[in-house]
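Structure assessment
These are the residues of each chain, in order.
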Amino acid sequence: ETAASIIYSVLGGGPGSDWETIGAYYANPQAYLNQLSSLSDFVARNPDRNGPRFLLAYHLLVVGRPDAAYAQLAEILQRNPQDQVTASLMQALSQPSAPEMAYAP
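Residues numbered from 1 in each chain as written. Predicted model: local features only at pLDDT ≥ 70, side-chain atom pairs only at ≥ 80, totals over all residues. Heavy atoms only, no water.

The subject of this paragraph is the overall build of the protein. When its secondary structure is counted, the protein shows six helices and zero strands. If you list the helices and strands of the protein from N to C, you get α-α-α-α-α-α. Across the 105 residues in the protein, those meeting the buried criterion constitute 32%. Here the analysis covers contacts within the protein between residues at least 6 apart in sequence; of these, 56% occur between residues at least 24 apart. When the accessible area of the protein is evaluated, it comes to approximately 6,200 Å², of which 52% is carbon and sulfur surface. (Helix = DSSP H or I, 4+ residues; strand = E, 2+ residues; numbered from the N terminus. Buried < 20%, exposed > 50% of the residue type's maximum accessible area, 1.4 Å probe, protein only. Contact = heavy atoms within 4.5 Å. Areas by Shrake-Rupley, 256 points an atom, 1.4 Å probe, with all protein chains shown as cover.)

Have a look at this one:
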């Protein structure tokens, strides 16, 4: 939940990191993908927890999967319609000129 809170705050003020930035922390990109898979499994087992779902959406953006990220954000917004950060991210993702975060491990 702490990581989700931090990412939520960061994205509330502007764009997050891309793969180039995140990938610099990983000597082996497969380690990142394994962590992403574990996070996805955690969200599947805990569908009512918005924090981990938000974190998953962010990392799906990092790996260049905006449609999957949008679906996760939609789940959050359905549970919490007053969530302005999530609504803003969804709006940005629905724009034709929405920047994609490149994934190139």
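Structure shown, so let's carry the discussion forward.
Looking now at the packing of aromatic side chains. With the rule as written, the count across this model stands at one aromatic pair. Summarising the aromatic geometry, the rings of Y26 and Y32 are spaced 5.3 Å apart at their centres and angled 75 degrees between planes, so their arrangement reads as edge-to-face. Judged by its relative accessible area of 25%, Y26 falls in the partly exposed class. The buried category is assigned to Y32, whose relative accessible area is 2%. (Phe/Tyr/Trp six-rings, centres within 6.5 Å; stacked < 30°, edge-to-face > 60°.)

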